[in-house]
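Each chain is listed here by its residues.
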Amino acid sequence: MDAKTFLRNHIAEIVEIDEDTFEEVFTFFKPKLVKRKELLIRGGETVLQEYFVVKGCLKTFCHDEHGREHIVQFALESWWVSDFPAHASQARATMCVEALEPCEVLELTYEAREQICRKWHAMEHFFRKKSNAGYVALQKRILSLLQNSAQEKYDLLLTQYPQLFQRVSKTLIAAYLGVSRETLSRLGKHDKHDK
């Protein structure tokens, strides 16, 4: 499925827009191919864009003062990715976004999104619903980190996103869950997808 059709179907899951409107909306998106390990967003740079993932897997991450990596988000097909706090205020990034696989994304600038929302109420509704879903997912992740045991966090991730375990290394899964690589090995003894 091409990027245009993929986005069209993604929007149609939430709102209905006619073909002419979609054709006009699509002109605001810039298709982009991203190599494995390429950074879409670098820490310290002003964040003016967000990305819709057509194909591939990316991670949003930062490093602490000890150089340890903390993964905030993985982004698979049909997910949106950016340093959202920086994007919302067009400020400098505190996080990075890196491709874990060769990726195909659609880039949307902050200003383009604002123009779309001003011009088409249905698209404003679409972006509001997507943002709300993102807030809900983020709060659930925070609660899981605060309340769940390491085993519960692992099991929840495996249940919700089994495809991650096929596509992402155990080291990165450990960084996402906030556990050591050794702890993750103990938690996932029954999981055969070690990379």
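This structure is a prediction, so every number in the text was calculated from the model and none was measured.

1. As for the sheet that holds strand β2 (residues 39-41)
Inference 1: Overall, antiparallel pairing links the four strands, which are arranged β2-β7-β4-β5 in an open sheet. Strands at the two margins of the open sheet, each flanked by one partner only, are β2 and β5 (69-75). The average angle at which neighbouring strand axes cross in this sheet is 30°, direction not considered.
Inference 2: As paired elements, strand β4 (residues 58-63) and strand β7 (residues 96-99) share four bridges and run antiparallel to each other. Looking at the pairing, L58 lines up with A99 of β7.
Inference 3: Packed on one face of the sheet, helix α8 (residues 170-177) meets β4 and β5 and runs near 100° to β5.

2. Some details on the side chain of H87
Inference 1: Here H87 lies in helix α3 (residues 84-89).
Inference 2: Each residue touching H87, except ones within four places of it in the same chain, is listed here: V47, L48, Q49, E50, S82, L108 and Y110.

3. Here's the deal with the pattern of salt bridges
Inference 1: Applying the stated criterion across every chain yields a total of 11 salt bridges.
Inference 2: Two residues, E23 and K4, come together in a salt bridge whose shortest N-O distance is 2.7 Å. With a gap of 19 residues between them, E23 in helix α2 (residues 19-26) and K4 in helix α1 (residues 3-12) connect regions that are remote in the sequence.
Inference 3: The class of E23 is partly exposed, set by a relative accessible area of 34%.
Inference 4: A relative accessible area of 27% places K4 in the partly exposed class.
Inference 5: Look at the salt bridges and you will find they share partners, linking K59, E69 and E98 into a network.

4. Some remarks on the environment of A86
Inference 1: Structurally, A86 can be placed in helix α3.
Inference 2: Sequence separation between A86 and Q49 is 37 residues; the distance between their C-alpha atoms is 9.7 Å.
Inference 3: Residues in contact with A86, not counting those within four places in the same chain, are V47, A91, R92 and A93.

5. Observations regarding the packing of aromatic side chains
Inference 1: Inspection of the entire model under this criterion finds 12 aromatic pairs.
Inference 2: Measuring from ring centre to ring centre gives 5.7 Å for F6 and F52, while their planes differ by 35°; the resulting arrangement is tilted. Here F6 is found in helix α1, whereas its partner F52 is found in strand β3 (residues 49-55), with 46 residues between them in sequence.
Inference 3: Judged by relative accessible area, F52 falls into the buried class, the value being 0%.
Inference 4: Their ring planes at 85° and their centres at 6.2 Å tell us that F28 and W120 sit as a pair that is edge-to-face. Here F28 is found in the loop between α2 and β1 (30-34), whereas its partner W120 is found in the loop between α4 (110-119) and α5 (121-147), with 92 residues between them in sequence.
Inference 5: Relative accessible area serves as the criterion here: at 24%, F28 is assigned to the partly exposed category.

The rules behind the values
- Residues numbered from 1 in each chain as written.
- Predicted model: local features only at pLDDT ≥ 70, side-chain atom pairs only at ≥ 80, totals over all residues.
- Heavy atoms only, no water.
- Pairing = 2+ DSSP bridges.
- Helix = DSSP H or I, 4+ residues; strand = E, 2+ residues; numbered from the N terminus.
- Axes fitted to C-alpha atoms, helices over the stretch in contact; angles between N-to-C directions.
- Contact = heavy atoms within 4.5 Å.
- Salt bridge = Lys/Arg side-chain N within 4 Å of Asp/Glu carboxyl O.
- Buried < 20%, exposed > 50% of the residue type's maximum accessible area, 1.4 Å probe, protein only.
- Phe/Tyr/Trp six-rings, centres within 6.5 Å; stacked < 30°, edge-to-face > 60°.

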